[in-house]
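Chain by chain, the residues:
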Protein chains: 2
Amino acid sequence: MIRLYTYFRSSAAYRVRIALNLKGIDFQAVPVHLVRNGGEHKSADYLALNPQGLVPALETDGQVLTQSLAILEYLDETHPDPALLPADPLGRARVRAIAQAIACDIHPINNLRVLQYLGGTLGLDQAAKDDWYRHWVETGLQAVEAMLAADRRTGVFCHGDQPGLADCCLVPQVFNARRFNCDLTALPTIMRIAERCEQIDAFNQAAPAQQPDFE
Amino acid sequence: MIRLYTYFRSSAAYRVRIALNLKGIDFQAVPVHLVRNGGEHKSADYLALNPQGLVPALETDGQVLTQSLAILEYLDETHPDPALLPADPLGRARVRAIAQAIACDIHPINNLRVLQYLGGTLGLDQAAKDDWYRHWVETGLQAVEAMLAADRRTGVFCHGDQPGLADCCLVPQVFNARRFNCDLTALPTIMRIAERCEQIDAFNQAAPAQQPDFE
């Protein structure tokens, strides 16, 4: 049985939940609460599984896999149907670049531990933290919008007419953007794609509100 | 001819330079100065190539590829020898996770634009910015050290005895860590691997000091 160490609100875990659902892979969700008890991801038990102390982690084939994008690629290599990446190298590079524009250049800058450093060590108030959050989401998503809007390979989804790796990253980031009241008006392509994804069960069932640890 | 839009000090561009060298791929370096003229990466011309306004970008086969990890995967798919990723899915997942622990969870938090926000919008002084930088490098590399030290798949390099994708990310991050006087004493595996890589021409010739735009 595949085990996913997850937290309902973690957008990196959300990506993996979508991919597992798209591929119809049965898995057991093991909630890791990032706030309660000082953060269960910082416990010795969890750090033994994942020394980074981040979610998600995926336990499968006797190994613990970490890093959401690495997990998505693993799932695509071991469960190729339906594919999360196109077949051609240029297309694959494009999909990965869109995914990484989110997973490298937006999300980690706004991750919980960074917000905690801003509020703790730097003493920023909530308004300054919210400004930080919105700045990186809006800057980052505007770049993703340009990547999508300018390229005729964009289809119903980020790349063509089947949901894939980039969509798995986009939808959780849009969820976060809405949660922090980011300005989404300049993102018509992103919002069209995200809303289309949200009509699909695999995406819906991966959403934070549908998780057993939702609160 | 492959064109790499690069900046000597960009560690994301440094990763791609290493990979191009390891694979013996001839390329033309096009310097994009991230500081001069208010940042050449923010020019309309460069944004038309890469809407994210980040380096590197790789122009090849009539396309512009962005995001260093996506470029590395593309190079590995189109120039498979020598391979940057192992053949087995679990090994590939491990190498990608190590690479992403650096490329997602260390580097973007310390990128130039983030440091500019800290100094500009938040008004942090140099000492506070240096503390920030060192915090994320040290926290991040300690996790990478644990990923490497605890796993018998670590060899002369991050994964086995041939340099690969993870090493392409590790060496530039160690370069940055040294530049900011980070504490490297708790990182024996990382430093052993980085020093071994630095004996290889492909890594050396990719170093900032060897670039035509070095200053």
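Residues numbered from 1 in each chain as written. Chains lettered and ligands numbered in written order. Predicted model: local features only at pLDDT ≥ 70, side-chain atom pairs only at ≥ 80, totals over all residues. Heavy atoms only, no water.

S.K.: Describe the overall build of chain A, with residues and values.
M.R.: Counting its secondary structure elements, chain A contains nine helices and four strands. Mapped in sequence order, the helices and strands of chain A form the string β-α-β-α-β-β-α-α-α-α-α-α-α. The C-alpha atoms of chain A give 17 Å as radius of gyration, which agrees with the globular expectation for 215 residues (17 Å, within 12%). C-alpha atoms of chain A, sized along the principal axes, occupy 45 × 45 × 30 Å. A total of 215 residues make up chain A; the buried ones form 60% of that total. Partitioning the intrachain contacts of chain A with sequence separation of at least 6 by distance along the chain shows that 67% fall at a separation of at least 24. Approximately 8,400 Å² of chain A is accessible, and the part contributed by carbon and sulfur atoms is 49%. Taking the average place of the 19 positive charges on the side chains of chain A and the average place of its 25 negative ones, the gap between the two points comes to 2 Å. (Helix = DSSP H or I, 4+ residues; strand = E, 2+ residues; numbered from the N terminus. Rg over C-alpha atoms; globule rule 2.2 N^0.38 Å. Buried < 20%, exposed > 50% of the residue type's maximum accessible area, 1.4 Å probe, protein only. Contact = heavy atoms within 4.5 Å. Areas by Shrake-Rupley, 256 points an atom, 1.4 Å probe, with all protein chains shown as cover. Lys, Arg positive; Asp, Glu negative; His and termini not counted. Charge placed at Lys NZ, Arg CZ, Asp CG, Glu CD.)

S.K.: Go over the sheet that holds strand β1 (residues 2-6) of chain A with me, naming the residues and quoting the values.
M.R.: Residues and elements named next belong to chain A. Spatially, four strands are ordered β2-β1-β3-β4 in an open sheet, and the strand pairing comes out mixed. Each having just a single partner strand, β2 (27-31) and β4 (63-66) make up the two edges of the open sheet. Along the sheet, successive strands turn relative to each other by an average axial angle of 25 degrees, direction set aside. Pairing analysis gives four bridges linking strand β3 (residues 57-60) to β4, with the strands arranged antiparallel. Paired with alanine 57 across the strands is threonine 66, a residue of β4. With respect to the sheet, helix α1 (residues 11-22) is in contact with β1, β2 and β3, its orientation differing from that of β1 by roughly 150 degrees. (Pairing = 2+ DSSP bridges. Axes fitted to C-alpha atoms, helices over the stretch in contact; angles between N-to-C directions.)

S.K.: Now, about the relation of the copies chain A and chain B: what can you tell me, with residues and values included?
M.R.: You can overlay chain A on chain B at an RMSD of 0.0 Å; the transform is a turn of 180 degrees with a shift of 0.0 Å along its axis. Between the two chains, the operation in question is that of a two-fold axis. Within chain A, cysteine 104 of chain A has its C-alpha nearest the rotation axis, a separation of 2.1 Å. Most of the interface of chain A is mirrored in chain B, where 98% of its interface residues again form contacts. (Least-squares fit on C-alpha atoms with pLDDT ≥ 70 in both.)

S.K.: An account of the UniProt feature "domain: GST C-terminal" (unreviewed entry) in chain A is requested, with residue identities and associated values reported.
M.R.: The sites that carry the UniProt feature "domain: GST C-terminal" (unreviewed entry) are, in the present numbering, residues 88-215 of chain A. Secondary structure content for residues 88-215 of chain A is 59% helix and 0% strand, and the end C-alpha separation is 42 Å. (UniProt positions renumbered as here; feature names shortened; annotations may be inferred.)

S.K.: Before we move on, can you summarise the pattern of salt bridges with the specific residues and values?
M.R.: Counted by the stated rule, this structure contains 22 salt bridges over all chains. Among the salt bridges present, the one from glutamate 77 of chain B reaches arginine 92 of chain A, with a minimum N-O distance of 2.8 Å. One end of the pair, glutamate 77 of chain B, is in helix α3 (residues 68-78); the other, arginine 92 of chain A, is in helix α4 (residues 89-103), on a second chain. For glutamate 77 of chain B, a relative accessible area of 29% corresponds to the partly exposed category. Connected via shared salt-bridge partners are Glu73, Glu77, Arg92 and Arg96 of chain A together with Glu73, Glu77, Arg92 and Arg96 of chain B. (Salt bridge = Lys/Arg side-chain N within 4 Å of Asp/Glu carboxyl O.)

S.K.: Can you lay out the UniProt feature "domain: GST N-terminal" (unreviewed entry) in chain A for me, pointing to particular residues and giving the numbers?
M.R.: The positions UniProt marks with the feature "domain: GST N-terminal" (unreviewed entry) are residues 1-83 of chain A. The span residues 1-83 of chain A is 35% helical and 22% strand by assignment, and the distance between its end C-alpha atoms comes to 21 Å.

S.K.: Describe the packing of helix α5 (residues 112-119) of chain A against helix α6 (residues 126-149) of chain B, listing the residues and the values that go with them.
M.R.: Geometrically, a packed helix pair is captured by the angle between its two axes and the distance between the axes. Where α5 of chain A contacts α6 of chain B, the two axes come as close as 13 Å, and the packing angle between them is 145 degrees. In the packing of α5 of chain A onto α6 of chain B, the handedness of the crossing is right-handed. Residues Arg113, Val114, Tyr117 and Leu118 of chain A of α5 of chain A form the contact with α6 of chain B, whose own contacting residues are Asp131, Trp132, His135, Trp136 and Thr139 of chain B. Its residues assigned to classes, the contact of α5 of chain A with α6 of chain B comprises five nonpolar, two polar and two charged. (Left-handed = near helix turned anticlockwise from the far one by under 90°. Nonpolar A, V, L, I, M, F, W, Y, C, P; charged D, E, K, R; others polar.)

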